[in-house]
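Listed below are the residues making up each chain.
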Amino acid sequence: MKIGIIDYGMGNLFSVEQAVKRLGAEVVISAHKGELLETDALILPGVGAFPDAMKRLEETNLVTIFDDIVKTDKPLLGICLGMQLLFEESVEKGNNKGLGLFKGTIAEFSGQDQAGNAYRVPHMGWNNLQFKRYPEWLTATDLDNDYVYFVHSFFATGLDEQDLVAYADYGDEIVPGIVQKGSITGMQFHPEKSGSCGVALLTSWLEGIKGGASSR
């Protein structure tokens, strides 16, 4: 199985590449649309600011690859900023248009809950996922724990309820941790840094690709 990692200049490519390779998949890192579309599934990583990332996708002519992903139901996994880019818009450094594959807006943590208590921003460290549902490529028995590693100051809001797979509580916000619609999945945390839970999630996602379940 061949996994393509979309290289637009703003992802932690090495750690994602190594995590996928350890699970037995061949990895292609590329900024060329044709080469990426020849793979079995794609990963969109991301580290940095939303507007800079969208600019880089446009500069590298990779924005149109997402139209092909939707048309062909090719499995796609967005990680951290890569997940945020899949939404309609973000308020980071102004109003920014996203890829629009999920409904919703990327908002900033306020740093203060409704009772006036301060909480740390960014949301950094281990937090447990609470599952609303399981996509066909994942079952509760696939996981030996539900703790994953987050590093982010922005999170998805206003999404369709049916797109939410799992969330974490932080401050007084419900933070979408995993979203999924059709062949497209997003993980706000870093599965490649999330110990046995992250390994299990990546393994199940890859196994789902083999069995055709990552498109449902």
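Before reading further, recall that the structure is shown in the block above.
Residues numbered from 1 in each chain as written. Predicted model: local features only at pLDDT ≥ 70, side-chain atom pairs only at ≥ 80, totals over all residues. Heavy atoms only, no water.

A. Molecular detail of helix H6 (residues 195–211). In a regular helix each residue adds 1.5 Å, so 17 residues correspond to 24 Å; H6 covers 24 Å between its end C-alpha atoms and thus fits that length. Among all positions in H6, only Cys197, Gly198, Ala200, Leu201, Leu202, Ser204, Trp205, Leu206, Gly208 and Ile209 are buried. (Helix = DSSP H or I, 4+ residues; strand = E, 2+ residues; numbered from the N terminus. Expected span 1.5 Å × (residues − 1). Buried < 20%, exposed > 50% of the residue type's maximum accessible area, 1.4 Å probe, protein only.)

B. Inspection of the sheet that holds strand E3 (residues 41–44) at higher detail. One open sheet holds the 8 strands; their spatial order is E2-E1-E3-E4-E14-E13-E12-E9, and the pairing between them is mixed. Two strands lie at the open edges of the sheet, namely strand E2 (26–30) and strand E9 (130–131), each paired on one side alone. Bridge count for E9 against strand E12 (residues 164–170) is 2 bridges, and the pairing is antiparallel. Looking at E12, one finds that Gln130 is bridged to Tyr167. (Pairing = 2+ DSSP bridges.)

C. The sheet that holds strand E11 (residues 154–157), seen in detail. Taken together, 4 strands build an open sheet; the order of strands is E6-E5-E7-E11 and the sheet is mixed. At either end of the open sheet lies a strand with only one pairing partner, and these are strand E6 (96–97) and E11. By the bridge criterion, 4 bridges tie strand E7 (residues 102–108) to E11 in an arrangement that is antiparallel. Bridging from a neighbouring strand, Ala107 pairs with Phe155 of E11.

D. View of the side chain of Ser30. For Ser30, the position within the fold is in strand E2. For Ser30, a relative accessible area of 3% corresponds to the buried category. Polar contacts involving the side chain of Ser30 include one to the main-chain amide nitrogen of His32, which spans 2.9 Å. Here the side chain of Ser30 touches Glu35 through a polar contact of 2.8 Å, side chain to side chain. Ser30 has contacts with Ile5, Ile6, Asp7, Glu35 and Leu36, leaving out every residue within four places of it along the chain. (Polar contact = N/O pair within 3.5 Å; in protein donor to acceptor, adjacent residues only side chain to side chain. Contact = heavy atoms within 4.5 Å.)

E. Representation of the nonpolar core. In this structure, Ile3, Ile43, Leu129, Ile178, Phe189, Leu201 and Trp205 are the most contacted members of the largest nonpolar core, which totals 33 residues. Among the secondary structure elements, those contributing two or more residues to this core are strand E1 (2–6), helix H1 (13–22), E3, strand E4 (76–79), strand E10 (147–152), E12 and H6. With 7 residues, H6 is the single largest residue contributor to this core. Discounting chain neighbours no more than four positions away, the residues touching Ile178 are Leu129, Phe131, Asp163, Leu164, Val165, Ala166, Thr185, Gly186, Met187, Phe189 and Leu201. (Core = buried A, V, L, I, M, F, W, Y, C linked by side-chain atoms within 4.5 Å.)

F. Structural view of the packing of aromatic side chains. Per the counting criterion, the structure on display carries 8 aromatic pairs. When the ring of Phe109 is compared with that of Tyr170, the centres are 5.6 Å apart and the planes differ by 75 degrees; the resulting orientation is edge-to-face. Taken together, the residues span a long stretch of sequence, with Phe109 in the loop between E7 and strand E8 (123–128) and Tyr170 in strand E12 at a distance of 61 residues. The class of Tyr170 is buried, set by a relative accessible area of 16%. Here a set of aromatic residues connected by ring pairs shows up, and it is made of Phe109, Tyr119, Phe155 and Tyr170. (Phe/Tyr/Trp six-rings, centres within 6.5 Å; stacked < 30°, edge-to-face > 60°.)

Just distances and angles here, no functional claims.
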